[in-house]
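# Observations on the three-dimensional arrangement
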Amino acid sequence: MTDKEESKPSEDLSNPNVVSKYKKAAEIANEAIKRVMAFAAAGKKIVDACQVGDDYINEECGKIFNKVKPKVEKGIGFPTCVSVNHIVGHFSPLSDDESKFAEGDMVKVDLGVHLDGYISVAAHTFIIGGGPATGKKADVLKAAHVASECAIRLLKPGAKNGPLTKMFTKVAEEFGVNIVQGVLSHQLERNVIDGEKVIASKFDPENPDSKVEFEFDQNEVYAIDIVMSSGDGKPKEFEQRMTVFKRDMDSTYQLKMKASRAVFSDIKERFTCFPFTMRAMDEKKGKFGIRECITHGLVQGYPVLQEKEGEVVAHIKFTALLMASGVVKISGLPVDESKIQCDKEVKDEEILKILATSVAKKKKKRNKKKKKKEAGTEGKEEGKKEEA
């Protein structure tokens with residue numbers, strides 16, 4: 001190992017600066033979701049809500065790390081997607097889209113923030129108008145919430161991913177809903193939003209990755225992604241055009257069209273390895289130039305998925321740090337259980353046992369000198385009592 005390699009700061013959670021960046025990114029992500037929720041109301045456009053989230057992230061990131069050298073890349077780690085009712089996710093429409101919120105809609109907000117490549121992602125589900133979730137809406141939201149509470153308790157160094165996958169399915173069964181197939185919870189690393197370690201939402205015979213078992217390690221970061229549906233949990237692609245993409249960092253191709261080259265150059269310069277929405281570029285040129293990029297695998301799309309109309313979907317996502325001091329959930333808003341009127345409850349003993357445990361935290365070792373000092377003080381106090 002060279003002197004240069006030895007002096008290079010660690011990029012995992014053993015480095016306090018890295019932890020600070022993850023936590024600050026999470027703080028911005030959580031507040032961005034709150035801003036979107038405050039904006040969303042019956043009659044307002046969904047695209048405008050998406051823009052509220054993206055604008056807030058860019059504005060807040062623009063205020064920090066401006067005097068650091070070398071320059072710190074920062075901004076949107078995942079563009080704001082706002083998906084309603086039976087739409088599963090990735091709905092971040094172009095500016096001319098006329099879709100609007102309606103009273104009682106079940107809304108999922110999904111977004112991410114990165115600071116220096118360290119990403120925090122989050123998703124939250126709520127009801128337009130502030131009313132309680134009832135019926136199917138209550139079932140999917142309560143199931144997602146319970147699954148998230150179990151997940152943070154099962155996520156600890158030395159544990160394996162398999163029990164989380166089994167738990168997701170069990171919780172869904174308890175509430176008479178389905179965990180959505182194909183949803184993956186990924187390890188997060190610097191400049192990597194979809195790391196190699198993957199927690200499947202359910203065992204999928206068509207996806208070999210869903211059966212790969214591994215151990216969680218200290219100093220790792222995970223995005224836990226939970227999507228529950230009142231439908232069959234096997235969503236189809238929505239007729240809505242894909243608008244969220246990510247550059248494939250391993251693919252190369254010499255684009256033929258000038259418009260395509262201009263779009264790909266913009267992607268490389270402004271979005272690097274992170275997902276982006278076409279709304280963030282010249283939409284007219286983007287729609288035309290992105291096609292060749294997709295055809296030759298330079299970018300990957302995030303399809304808008306949907307369940308059958310009339311079904312509903314709830315989405316909860318959070319970022320967790322597996323630190324030496326314990327597991328810390330840094331992003332994702334708390335669920336207000338008082339607004340979930342669900343007539344079902346958890347009866348499975350295994351799930352109840354998980355919920356009864358506490359989130360993994362290491363006990364702090366008390367300083368020996370401090371112990372001796374306390375013991376000495378106690379001895380003196382006892383002596384004073386005896387003298388009295």
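Small disclaimer: the values here were computed from a predicted structure and weren't measured.

Evaluation of the coordinates by the stated rule reveals 22 salt bridges. One salt bridge connects E149 with R153, and the closest N-O pair in it is separated by 3.0 Å. Residue E149 and its partner R153 are located together in helix α4 (residues 135-154), separated by 4 residues, close to a single helical turn. By relative accessible area, which is 24% here, E149 ends up partly exposed. On the basis of relative accessibility, which here comes to 15%, the residue R153 falls in the buried class.

Among the structural elements, N15 can be located in the loop between α1 (3-7) and α2 (16-39). Once residues within four sequence positions are removed from consideration, N15 is found in contact with P9 and S10.

Another aspect to go through is the environment of A49. Checked against the element boundaries, A49 lands in helix α3 (residues 46-61). Sequence spacing of A49 and R35 is 14 residues, and the spatial spacing of their C-alpha atoms is 8.7 Å.

Put simply, K69 and P70 share a cis peptide bond, and its omega is 0 degrees. With respect to the secondary-structure elements, P70 resides in the loop between α3 and β1 (74-84). Positive phi outside glycine occurs at N85, with the angle close to 55 degrees. Of note in this structure, N191 is not a glycine but carries a positive phi near 65 degrees. Considering the arrangement of structural elements, one finds N191 in the loop between β7 (184-188) and β8 (198-200).

Rules used throughout
Residues numbered from 1 in each chain as written. Predicted model: local features only at pLDDT ≥ 70, side-chain atom pairs only at ≥ 80, totals over all residues. Heavy atoms only, no water. Salt bridge = Lys/Arg side-chain N within 4 Å of Asp/Glu carboxyl O. Helix = DSSP H or I, 4+ residues; strand = E, 2+ residues; numbered from the N terminus. Buried < 20%, exposed > 50% of the residue type's maximum accessible area, 1.4 Å probe, protein only. Contact = heavy atoms within 4.5 Å.

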